[in-house]
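Given next are the chains, with one letter for each unit.
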Amino acid sequence: MGDARGQLRIIASVSQMQAEAEAWRRAGKIIGFVPTMGYFHEGHLALMRQARERADVVVVSLFVNPTQFGANEDLSHYPRDFERDRAITESVGVDVIFFPEATTIYPPGYQTTINLAELPKPLCGVARPTHFAGVATVCCKLFNIVKPHFAVFGEKDYQQLLVVKQMAADLNLDLEIAPGPTVREPDGLAMSSRNVYLSPQERAQAVWLSRSLAIAADLVAEGETCRDRVIATVWETIRVQPLANIDYVELRRVPDLVPAEEEPRGKHLLALAVYFGKTRLIDNRVIHFPE
Ligand code: AMP
């Protein structure tokens, strides 16, 4: 019991995880938490290191949450490699991997879902209408199981970060939601567990997602203030890649994600989702327009 630092433990049971968390809290330990679906890459590790810097105890959950996948999505094919994940996690100094079975989180008779009214509707919510309810629900459950003082979420999934922040505020959850910056491959592609699905040709063209966002950000930095020209720059840059199928390119205000005005002011999210074959990639940049 107490601080398990230096020795990674795997916990699968809700009651055991709650008991450990309670004991850490009573001992005055700060609990940092990183929820994940596994198949770790540098993006996950950066969040774990960020948690490690501030916490006495770091818990990572590894749970491929079935309720955030739609009927035709990649739940059954989602990449998994527990032994590799375990070794990587150990190297970062994580204390506990919470690794429950799906039936532990959703036992027979389970019936509660958390629905946010507005934030889940635009952007990824159009193609994935049930996704953010699944995310909000599992995050709330995981927070009640791990009892963290703070939880770290990547800006790579910016809409998810906003949904979880809003849910935590609306439900008076007693924890901080801390953002972590997007980690990228050397050529700029945002790291994602789904990048392993890409063929070499798709991988080569996928670099234009981050490049198009960078070109648009540069335009704004040089004084462009027109919403439509910013969006068109991204759209046209990706459209000419033959294997890319654009789902959306949008500019929305942060943090409420309402559509940008024609001449936006202040903090906005330039976000995109693009299909390469069946693989759907997302990326975004936060853009600051003059106030
Ligand atoms: P996932 O395993 O894909 O559910 O992601 C778990 C956490 O890692 C989420 O908070 C993601 O936003 C975050 N994450 C995924 N990819 C990246 C990345 N490239 N950079 C930073 N955080 C990321």
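The text that follows walks through the structure, step by step, so that each part is easy to find. (Residues numbered from 1 in each chain as written. Predicted model: local features only at pLDDT ≥ 70, side-chain atom pairs only at ≥ 80, totals over all residues. Heavy atoms only, no water.)

### Examining the side chain of threonine 89
Quick note on the threshold: Runs of E in the DSSP output that reach at least two residues are strands. Runs of H or I that reach at least four are helices, and both are numbered from the N terminus. Relative accessible area decides the class of each residue, using a 1.4 Å probe on protein chains only: under 20% of the type maximum gives buried, over 50% gives exposed, and in between gives partly exposed. Each polar contact in these results corresponds to two N or O atoms within 3.5 Å; when the atoms are within protein, one needs to be able to donate a hydrogen and the other to accept it, and residues that are neighboring in sequence are counted only if both atoms are side-chain atoms. Throughout, a contact is declared for two residues whenever any of their heavy atoms are within 4.5 Å.
By the secondary structure assignment, threonine 89 is in helix α3 (residues 82-92). Accessibility expressed as a relative area gives 0% for threonine 89, which makes it buried. From its side chain, threonine 89 meets the backbone oxygen of aspartate 85 in a polar contact 2.4 Å long. When sequence neighbours within four positions are dropped, the list of residues in contact with threonine 89 reads Leu8, Phe40, Met48, Val94 and Ile97.

### Concerning the environment of aspartate 283
Mapped onto the secondary structure, aspartate 283 falls in strand β9 (residues 279-289). Of the residues examined, aspartate 283 reaches a relative accessible area of 4% and is grouped as buried. Expressed as a C-alpha distance, the spacing of aspartate 283 and alanine 151, which sit 132 residues apart in the sequence, is 21 Å. Beyond its immediate sequence surroundings of up to four residues, aspartate 283 is in contact with Arg184, Ala190, Leu209, Ser210, Leu213, Leu270, Ala271 and Leu272. A polar side-chain atom of aspartate 283 sits 2.9 Å from a polar atom in the side chain of arginine 184.

### Considerations on the site of the ligand
Cut-off, in case you're wondering: One heavy atom suffices: a residue is near a molecule or strand as soon as one of its heavy atoms comes within 4 Å of it. Using the Shrake-Rupley algorithm and a 1.4 Å probe, accessible areas are obtained, with residue cover drawn only from the displayed protein chains.
The full set close to the ligand counts 18 residues, and His44, Gly154, Asp157, Val183 and Met191 are the nearest of them. The separation between an oxygen atom of the ligand and a polar main-chain atom of glycine 154 is 2.9 Å. Within the backbone of valine 183, one N or O atom sits 2.8 Å away from a nitrogen atom of the ligand. Contact with the protein chains removes 93% of the 490 Å² of surface that the ligand exposes when unbound. Among the secondary structure elements, those contributing two or more residues to the shell around the ligand are β2 (31-36), α2 (42-54) and β5 (150-154). The element that contributes the greatest number of residues to the shell around the ligand is α2, accounting for 3 residues.

### Looking at the packing of aromatic side chains
For the record, the criterion: Pairing of aromatic rings covers Phe, Tyr and Trp, the last counted by its six-membered ring, and requires centre-to-centre distances within 6.5 Å; plane angles under 30 degrees mean stacked, over 60 mean edge-to-face, and any other angle means tilted.
Counted under the stated rule, the structure contains 6 aromatic pairs. With a centroid separation of 5.8 Å and 80° between ring planes, the pair formed by phenylalanine 69 and tyrosine 78 is classed as edge-to-face. Of the two residues examined, phenylalanine 69 and tyrosine 78, each falls in the buried class. A ring pair is formed by phenylalanine 143 and phenylalanine 153, whose centres lie 6.3 Å apart and whose planes are at 85°; its orientation type is edge-to-face. Placement of phenylalanine 143 in helix α6 (residues 131-146) and of phenylalanine 153 in strand β5 is noted, with a sequence separation of 10 residues between them. Phenylalanine 143 sits in the buried class, given a relative accessible area of 6%. An aromatic cluster is present here, built from Phe33, Phe143 and Phe153 joined pairwise through their rings.

### Considering the packing of helix α8 (residues 200-221) against helix α9 (residues 227-239)
Quick note on the threshold: Helix axes are fitted only over the stretch in contact, all axes being lines through C-alpha atoms; the angle between N-to-C directions runs from 0 to 180 degrees. Any angle that falls under 35 degrees is termed roughly parallel, while one over 145 is termed roughly antiparallel, one within 65 to 115 roughly perpendicular, and all others oblique. In a left-handed crossing the near helix is turned counterclockwise from the far helix by less than a right angle, and in a right-handed crossing that turn is clockwise. Charged residues are taken to be Asp, Glu, Lys and Arg, nonpolar residues to be Ala, Val, Leu, Ile, Met, Phe, Trp, Tyr, Cys and Pro, and polar residues to be all remaining types, Gly included.
At their nearest, the axes of α8 and α9 sit 9 Å apart, and the two run at 150° to each other. By the angle between their axes, α8 is roughly antiparallel relative to α9. Crossing geometry of α8 relative to α9 is assigned as right-handed. Along the contact surface, α8 presents Trp208, Leu209, Ser212, Leu213, Ile215, Ala216, Leu219 and Val220, while α9 presents Val230, Thr233, Val234, Thr237 and Ile238. A per-class count over the contact of α8 with α9 returns 10 nonpolar, 3 polar and no charged.

### Section: the side chain of arginine 194
In this fold, arginine 194 is placed in the loop between β6 (176-180) and α8. Excluding anything up to four places from it in sequence, arginine 194 contacts Phe69, Asp74, Tyr78, Arg128, Thr279 and Arg280.

### Remarks on the sheet that holds strand β7 (residues 244-253)
Short version of the rule: Strand pairing requires that DSSP identify at least two bridges connecting the strands.
Across the sheet, 3 strands lie side by side as β7-β8-β9; this open sheet has antiparallel pairing. The open sheet has two edge strands, β7 and β9, and neither has a second partner. On average, each strand axis in the sheet is inclined to that of its neighbour by 15°, with strand direction left out of account. The sheet contact formed by strand β8 (residues 266-276) and β9 spans 11 bridges and is antiparallel. Paired with leucine 272 across the strands is aspartate 283, a residue of β9. Where α8 meets the sheet, it contacts β7, β8 and β9, and its direction lies at approximately 15° from that of β9. Of the strands in this sheet, β7, β8 and β9 touch α9, which is tilted by about 160° from β7.

### Overview of the sheet that holds strand β3 (residues 57-62)
Across the sheet, 6 strands lie side by side as β1-β4-β3-β2-β5-β6; this open sheet has parallel pairing. On the outer flanks of this sheet lie β1 (9-11) and β6, each paired with one strand and no other. Along the sheet, successive strands turn relative to each other by an average axial angle of 25°, direction set aside. Note that β1 and strand β4 (residues 96-98) share 3 bridges and pair parallel. Residue pairing in the sheet places isoleucine 10 in a bridge with isoleucine 97 of β4. Where α3 meets the sheet, its contacts fall on β1, β3 and β4, and the angle it forms with β4 comes to roughly 145°.

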